[in-house]
Amino acid sequence: MMPFYYGSKARSVPEYLSLRFDEKTRGLNAITFAVMTVFSSGISLYALAMLLKVILHWNFDLCIWAAAGIVMAYTFLGGLTSAVYNEVLQFFLIVLGLSPLVIVALNDAGGWEGIKTSLDPKFTHAWKYMGNANDNDMGINFISMIFGLGFVMSFGYWCTDFLVVQRAMIAKNMNAAQRTPIIAAIPKMFMPLIVVLPGVVALSLLKTNPAFLEKVKDVMYNGDEINYSMTLPALLKAYYPNGLLGLGITALIASFMSGMAGNVTAFNSVFTYDIYQAYFIKNRSDKHYLNVGKLVTLFGILFSIGTAYIAASFNNINDFLQLVFSFVNGPLFATFLLGMFWKRTTGHGAFWGLLGGTIAAAITHGLTIAEGKGGWIAPMYEIKSGMGQAFIVASFSWLANFVITIVVSLVTKPKPDEELKGLVYSLTEKVRSNETRWYLKPGPLGLILLIITILLNILLF
Amino acid sequence: MQERLNQLSFVIGLFFILVSIVLVVGYFFVEQLSHNINLYTGIGVGIFGIFMVRLKA
């Protein structure tokens, strides 16, 4: 999809939609995306404030405002460049700051073999117990997993989430833009070693190690209920001594700040270009829009503070994040898939499909209930986990969008071919890379990633 | 030197060298920091920091 984004010279994902379809589709996507970034940013802010509260024993409200102030300072002054530069530093900080924790905790749990002995096998296999929804704690089967997560949510995230695509859009040339998501996928594939594995290790230690339980009880438990969002801070508290504890906390702070700053910069870009400039004040100087962007950054952070308090009502903030993605990225992926690969797709089809997909997401959420969340229309179907619910919501929103877009497109008039050059696959000149080194070509790099992905799935089957 | 400060890998390298110095020096001279994990991590991030500083743009 990168040749269409980069080749069209659009500055944002909604702007691409205005070129490919029309202004109303752009506006709808800009609004839903702006809402999503504010929620995502609030989730990072909540996690950051909780970390400061638990480790440093600061007041929660003070933590929220202090963390928001720091992110605002560097995004306000440096904009996207400072956010991207910080993300690079923060990435290394996260990897180097948390890797020792995984090694020490894993060793304490008796290694992978020790974990397999102490935990139910469904925690140490990715696919083996996905045949039936009742056999795993997520409450979904392999079809929902492959379609909801593997297809809709993953493709939606990598191909339509402006936060991700924006990093490629500012690349120096097309080849670099195509390589951006591929290179980003390499550390992303191994991130579960730092993010997911500690969770599994903690579960094992809670069952087998009373000393560990005693150390983390005040951090991980709300009464009798485990707060899974606090797993990493709890492990830090249990295993890192003075010195390294500072590095570990900094790594986690960096992780949450990076997430928040990324969302805030994406929010201000979309709001300024795709809402303010597109619908309110046109044809003003760049300086004017820069100032508006800075003001929007301020409001984005204030909204994030509000959504941070909503995130506090979830005992697993990743479930909340997945739910937000399922409402926005899920239906949007169908719009892009049809828009980029079927030239008959019309602006009316895209708009009503996107709207219908988002409404379908809301209806699915209203008719399903998971861990007490959803079911606000009628709790007709119960799903064991919030994450499973998000995958189901994403699946239905995608399907609704796909069908509505095709039906409406077939009864409305498409744009002429001349207006779609560079925006649709069949009417775009295929990019031939001048790069001679194989390791800098997107094709071979993508193939290597695919092989590693298959191997990892076999290994953790 | 000023030019290199605009190079991201150099800045990242400097940061980790600083972290390394704190952990390694702390291990030997500050009782509260005398834990093996501080020493090993300090050496590890120090090697990474030197690698990043020496990396050509």
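Structure shown above.
A few points on the structure. (Residues numbered from 1 in each chain as written. Chains lettered and ligands numbered in written order. Predicted model: local features only at pLDDT ≥ 70, side-chain atom pairs only at ≥ 80, totals over all residues. Heavy atoms only, no water.)

1. Here we look at the overall build of chain A
Inference 1: When helices and strands are tallied, chain A shows 18 helices and five strands.
Inference 2: For chain A, whose C-alpha radius of gyration is 23 Å, the value lies close to the compact-globule estimate of 23 Å for 461 residues.
Inference 3: With respect to the principal axes defined by its C-alpha atoms, chain A has extents near 70 × 55 × 50 Å.
Inference 4: Counting over 461 residues, chain A shows a buried share of 52%.
Inference 5: The long-range share in chain A, meaning contacts at least 24 apart out of those at least 6 apart in sequence, stands at 74%.
Inference 6: Accessible surface, chain A as shown: approximately 20,900 Å² in total, 67% of it carbon and sulfur.
Inference 7: Counting 32 positive and 25 negative side-chain charges, chain A places the centres of these two groups 9 Å from one another. (Helix = DSSP H or I, 4+ residues; strand = E, 2+ residues; numbered from the N terminus. Rg over C-alpha atoms; globule rule 2.2 N^0.38 Å. Buried < 20%, exposed > 50% of the residue type's maximum accessible area, 1.4 Å probe, protein only. Contact = heavy atoms within 4.5 Å. Areas by Shrake-Rupley, 256 points an atom, 1.4 Å probe, with all protein chains shown as cover. Lys, Arg positive; Asp, Glu negative; His and termini not counted. Charge placed at Lys NZ, Arg CZ, Asp CG, Glu CD.)

2. Let's talk about the interface of chain A and chain B
Inference 1: Listed as interface residues are 14 residues of chain A and, on the opposing side, 16 residues of chain B.
Inference 2: For the chain A and chain B pair, buried surface summed over both sides reaches about 1,300 Å², with 86% attributable to carbon and sulfur atoms.
Inference 3: Area buried by chain A at its contact with chain B is led by L89, L96 and N242 of chain A, which between them contribute 33% of it.
Inference 4: For the pair chain A and chain B, the number of links is two residue pairs in polar contact (both at pLDDT 80 or more).
Inference 5: Elements represented by at least two residues in the side of chain A that touches chain B include exactly helix 4 (60-108) and helix 13 (244-280) of chain A.
Inference 6: Considering each element in turn, the side of chain A that touches chain B owes the most residues, eight residues, to helix 4 of chain A. (Buried area = accessible area lost by both parts, 1.4 Å probe. Polar contact = N/O pair within 3.5 Å; in protein donor to acceptor, adjacent residues only side chain to side chain.)

3. Things to note about the sheet that holds strand 5 (residues 381-382) of chain A
Residue and element names in this part refer to chain A.
Inference 1: Across the sheet, which stays open at both edges, the three strands sit in the order 4-3-5 with mixed pairing between neighbours. At either end of the open sheet lies a strand with only one pairing partner, and these are strand 4 (373-374) and strand 5.
Inference 2: Strand direction decides the pairing type here: strand 3 (residues 368-370) and strand 5, joined by two bridges, are parallel. Bridge pairing in strand 5 links I369 to E382.
Inference 3: Docked against the sheet, helix 16 (residues 347-367) engages strand 3, strand 4 and strand 5, running at close to 60° with respect to strand 3.
Inference 4: Against the sheet, helix 17 (residues 386-410) makes contact with strand 3 and strand 4, and its axis sits at roughly 155° relative to strand 3, the strand it touches most. (Pairing = 2+ DSSP bridges. Axes fitted to C-alpha atoms, helices over the stretch in contact; angles between N-to-C directions.)

4. Quick notes on the packing of helix 8 (residues 174-190) of chain A against helix 18 (residues 442-459) of chain A
Residue and element names in this part refer to chain A.
Inference 1: Their axes nearest at 10 Å, the elements helix 8 and helix 18 cross at an angle of 20°. Here helix 8 is positioned roughly parallel relative to helix 18, judged by the angle of their axes. In the packing of helix 8 onto helix 18, the handedness of the crossing is left-handed. Seen from helix 8, the contacting residues are N175, Q178, R179, I182, A185, I186, M189 and F190; seen from helix 18, they are P442, L445, G446, L449, I452, T453 and L456.
Inference 2: The class makeup of the residues in the contact of helix 8 with helix 18 is 10 nonpolar, four polar and one charged. (Parallel < 35°, antiparallel > 145°, perpendicular 65-115°, else oblique. Left-handed = near helix turned anticlockwise from the far one by under 90°. Nonpolar A, V, L, I, M, F, W, Y, C, P; charged D, E, K, R; others polar.)

5. Some thoughts on the packing of aromatic side chains
Residues and elements named next belong to chain A.
Inference 1: Summed over all chains, the structure comprises 27 aromatic pairs over all chains.
Inference 2: Note on F39 and F320: the rings are 5.9 Å apart at their centroids and 85° apart in plane angle, and the pair reads as edge-to-face. Here F39 is found in helix 3 (residues 23-56), whereas its partner F320 is found in helix 15 (residues 317-341), with 281 residues between them in sequence.
Inference 3: You can call F320 buried: its relative accessible area is 6%.
Inference 4: For the ring pair Y46 and F60, a centre distance of 6.0 Å and an interplane angle of 65° mean the geometry is edge-to-face. Placement of Y46 in helix 3 and of F60 in helix 4 is noted, with a sequence separation of 14 residues between them.
Inference 5: Given a relative accessible area of 5%, Y46 falls into the buried group.
Inference 6: Judged by its relative accessible area of 17%, F60 is buried.
Inference 7: Chaining the aromatic ring pairs together yields one cluster made of F147, F151, F155, F333, W398 and F402. (Phe/Tyr/Trp six-rings, centres within 6.5 Å; stacked < 30°, edge-to-face > 60°.)

6. Here's the deal with helix 15 of chain A
Residues and elements named next belong to chain A.
Inference 1: Taking 1.5 Å as the rise per residue, helix 15 with 25 residues should run 36 Å; its terminal C-alpha atoms sit 35 Å apart, in good agreement.
Inference 2: Along helix 15, the helix axis deviates most sharply at S326, where the bend reaches about 40°.
Inference 3: Burial analysis of helix 15 places 20 of its 25 residues in the buried class, the great majority of the element. (Expected span 1.5 Å × (residues − 1). Bend = angle between axes of the 7 residues up to and from the residue.)

7. Overview of unusual backbone geometry
All names here are of chain A.
Inference 1: Its identity is not glycine, yet N283 carries a phi of approximately 55°, on the positive side.
Inference 2: Relative to the helices and strands, N283 is located in the loop between helix 13 and helix 14 (286-311).
Inference 3: In this structure N283 comes out as exposed when scored by relative accessible area, which is 75%.
Inference 4: Positive phi outside glycine occurs at E371, with the angle close to 50°.
Inference 5: Secondary-structure assignment places E371 in the loop between strand 3 and strand 4.
Inference 6: Given the relative accessible area of 42%, E371 is considered partly exposed.

8. Here we look at the pattern of salt bridges
When charged atoms on two side chains of opposite charge get close, those side chains can pair.
Residue and element names in this part refer to chain A.
Inference 1: A complete count under the given rule lists eight salt bridges over all chains for this structure.
Inference 2: Linking R26 and E23 is a salt bridge whose minimum nitrogen-to-oxygen distance equals 3.4 Å. A residue pair is termed a helical-turn pair when its members lie 3 or 4 positions apart in one helix, as R26 and E23 do in helix 3 at three residues.
Inference 3: When its relative accessible area of 37% is taken as the criterion, E23 is described as partly exposed.
Inference 4: Among the ionic pairs, K217 bridges to E214, the shortest N-O distance being 3.5 Å. Of the two residues, K217 and E214 are both situated in helix 11 (residues 210-220); the distance of three residues between them amounts to about one turn of the helix.
Inference 5: What you see here is one network of salt bridges that share partners, running through E23, R26 and D274. (Salt bridge = Lys/Arg side-chain N within 4 Å of Asp/Glu carboxyl O.)

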